[in-house]
Amino acid sequence: MMISITPLGYAAGAEVTGVDFTQPLDNSTRDTLYSAWLKHIVLVFKGAEQLTPEQHIAFSRNFGKLDGHESQVPETLYPGLPEILLITTKPIQGKPSSSRNAGRNWHTDLSYSTRPAKGALLLCKEKPEVGSDTLFANHYLSYETLSPTMRAFLDPLECVHDATLIKGIEKRDPAHVAEMKRRNPPVIHPLVRVHPETGRKSLLVNERISGIVGLTDEEGTMLLRFLNQHATAQEFIYRHRWSVGDIVLWDNRCTSHIALADFDTNQARLMLRCSLEGEVVSGRLAERVEAESKESLLQAIAAAA
Ligand code: OGA
Ligand code: MN
């Protein structure tokens with residue numbers, strides 16, 4: 001069967017047809033899909049509702065090494081298959097799922113760790129009647145559309161990423177949250193990153209950043225507000241409206257995404273995710289500097305650098 005790749009949006013997104021993801025891919029098919037992924041940033045595969053978890057894992061391995069999800073709450077992993085993470089509104093072991101409100105602000109997966117994810121393959125198994133789309137923002141475009149003067153100003157800057165800024169984290173099980181915080185102290189990443197495969201620069205900004213190193217709190221807050229607004233402007237977005245059986249593969253190295261909460265959360269939404277491990281450690285822990293306030297933390301990190 002011939003593979004076809006049809007763009008779905010200007011900023012990102014392409015639908016791929018003609019792939020039998022229940023079978024191993026031959027090299028040329030794999031290369032075609034991989035290049036299409038780098039080019040279109042988000043790939044959509046339809047009709048995967050019968051895929052077994054093992055097939056989902058095997059297909060995902062074509063795009064990189066899988067994350068064993070050590071950073072995640074064990075209850076949200078597929079029983080016996082830690083390569084699969086459950087993002088679901090359905091109770092897990094009789095308790096509300098701690099992933100029921102995952103992704104509710106603009107974020108880049110694992111940017112609160114020193115090794116942000118390479119990408120992920122999210123498979124929709126069950127969905128609510130309406131709503132719950134996922135939006136992806138192309139951060140190459142948001143970088144490239146800034147003025148040369150602004151880009152030159154941003155290029156050397158670094159930001160503090162903080163897992164406690166995950167929206168809705170306070171609604172999760174307090175024991176899980178404490179463990180999450182313990183495993184994920186604030187980390188520092190470059191504000192502008194270079195994609196390891198395409199070599200293109202993109203903005204690493206999202207709504208889980210507490211400040212910009214070296215700027216005052218007020219300066220950083222203002223600049224981040226502008227950058228987040230710019231990065232998530234309509235023209236940089238691909239919006240995915242889910243159907244059961246869709247697999248969406250995104251490149252986390254040049255994007256952010258958000259899972260909209262515009263649905264009846266009493267209805268079942270069940271997504272299975274294989275995550276691609278980041279290739280490099282691009283961040284460093286921010287905890288080595290002691291500071292009383294956030295403001296002095298940002299200054300102290302700058303002074304220590
Ligand atoms: C994710 C995520 C989006 C969604 O899996 O990383 O943010 O729509 N999920 O569930
Ligand atoms: Mn996510």
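Residues numbered from 1 in each chain as written. Chains lettered and ligands numbered in written order. Predicted model: local features only at pLDDT ≥ 70, side-chain atom pairs only at ≥ 80, totals over all residues. Heavy atoms only, no water.

Once that is clear, we can look at the pairing of strand β8 (residues 158-161). Where β8 meets strand β9 (residues 187-190), four bridges bridge the pair, whose relative direction is antiparallel. When the sheet's bridge partners are listed, Glu 158 is paired in β9 with Pro 190. (Pairing = 2+ DSSP bridges. Helix = DSSP H or I, 4+ residues; strand = E, 2+ residues; numbered from the N terminus.)

A word on the coordination of the manganese ion (ligand 2). Only His 107 (NE2), Asp 109 (OD) and His 257 (NE2) from the protein coordinate the manganese ion (ligand 2), and they sit 2.1 to 2.2 Å from it. Here the donor residues of the manganese ion (ligand 2) share one chain and are spaced in sequence as H-x1-D-x147-H. The burial state of His 107 is the same as that of Asp 109; both residues are buried. (Donors = N, O, S within 2.8 Å, 3.2 Å for Na, K, Ca; no water. Buried < 20%, exposed > 50% of the residue type's maximum accessible area, 1.4 Å probe, protein only.)

If you check the shell around ligand 1, you find Ile 87, Gly 103, His 107, Asp 109, Leu 122, Thr 134, Trp 250, His 257, Ala 259, Arg 269 and Arg 273 and nothing else. A distance of 3.1 Å separates an oxygen atom of ligand 1 from a polar atom in the side chain of His 107. In this structure, Thr 134 approaches ligand 1 through a side-chain N or O atom, which is 2.5 Å from an oxygen atom. If ligand 1 stood free it would expose 290 Å²; the protein chains cover 98% of that surface. Split into classes, the residues belonging to the shell around ligand 1 amount to four nonpolar, four polar and three charged. (Near = heavy atom within 4 Å. Polar contact = N/O pair within 3.5 Å; in protein donor to acceptor, adjacent residues only side chain to side chain. Areas by Shrake-Rupley, 256 points an atom, 1.4 Å probe, with all protein chains shown as cover. Nonpolar A, V, L, I, M, F, W, Y, C, P; charged D, E, K, R; others polar.)

Before going further, it helps to examine helix α1 (residues 27-40). Counted at 1.5 Å a residue, the expected span for α1 with its 14 residues is 20 Å, and the 20 Å between its end C-alpha atoms agrees. For α1, every residue scored as buried is listed here: Thr 29, Leu 33, Tyr 34, Ala 36, Trp 37, Leu 38 and His 40. For α1, the secondary structure elements touched by its buried residues are β1 (4-7), β2 (14-17), β3 (42-45), α2 (53-60), β14 (247-251) and β16 (270-276). (Expected span 1.5 Å × (residues − 1). Contact = heavy atoms within 4.5 Å.)

Another point: helix α5 (residues 174-183). Three or four residues apart is the spacing at which side chains of an α-helix point the same way, because the helix has 3.6 residues per turn. Residues His 176, Val 177 and Met 180 constitute the buried set of α5. Buried residues in α5, looked at end-on, bunch into an arc of 100°, giving them a common side. Exposed residues lying more than 90 degrees from the buried face of α5 are Pro 174, Ala 175 and Arg 182. Measuring from the backbone nitrogen of Ala 175 back to the side-chain oxygen at the start of α5 gives 2.9 Å, which picks out Asp 173 as the cap. (Arc of directions from axis to C-beta.)

Within the largest apolar cluster, 30 residues are counted, with the highest numbers of intra-cluster contacts made by Phe 45, Phe 59 and Phe 63. For this core, the secondary-structure elements that each account for two or more residues are β2, α1, β3, α2, β5 (81-88), β6 (119-126), β14 and β16. Sequence-distant contacts of Phe 59, defined by excluding residues within four places in its chain, comprise Val 19, Phe 21, Leu 25, Leu 33, Phe 45, Leu 121 and Ile 247. Of all hydrophobic cores here, the second largest spans 19 residues; its members include Val 44, Leu 85, Trp 250 and Met 271. (Core = buried A, V, L, I, M, F, W, Y, C linked by side-chain atoms within 4.5 Å.)

A complete count under the given rule lists eight aromatic pairs for this structure. Relative to Phe 59, the ring of Phe 45 has its centre 5.2 Å away and its plane inclined at 90°; by these criteria the two rings are edge-to-face. Pair noted here: Phe 45 is in strand β3 and Phe 59 is in helix α2, with a separation of 14 residues, a long-range link. On the basis of relative accessible area, Phe 59 is assigned to the buried category, the value being 2%. Ring-pair connections join several aromatic residues into one group, and the members of that group are Phe 21, Tyr 34, Trp 37, Phe 45, Phe 59 and Phe 63. Seen from the ring of Tyr 143, Arg 151 lies directly overhead, with NZ or CZ sitting 5.9 Å from the centre. (Phe/Tyr/Trp six-rings, centres within 6.5 Å; stacked < 30°, edge-to-face > 60°. Lys NZ or Arg CZ within 6 Å of the ring centre and 35° of its normal.)

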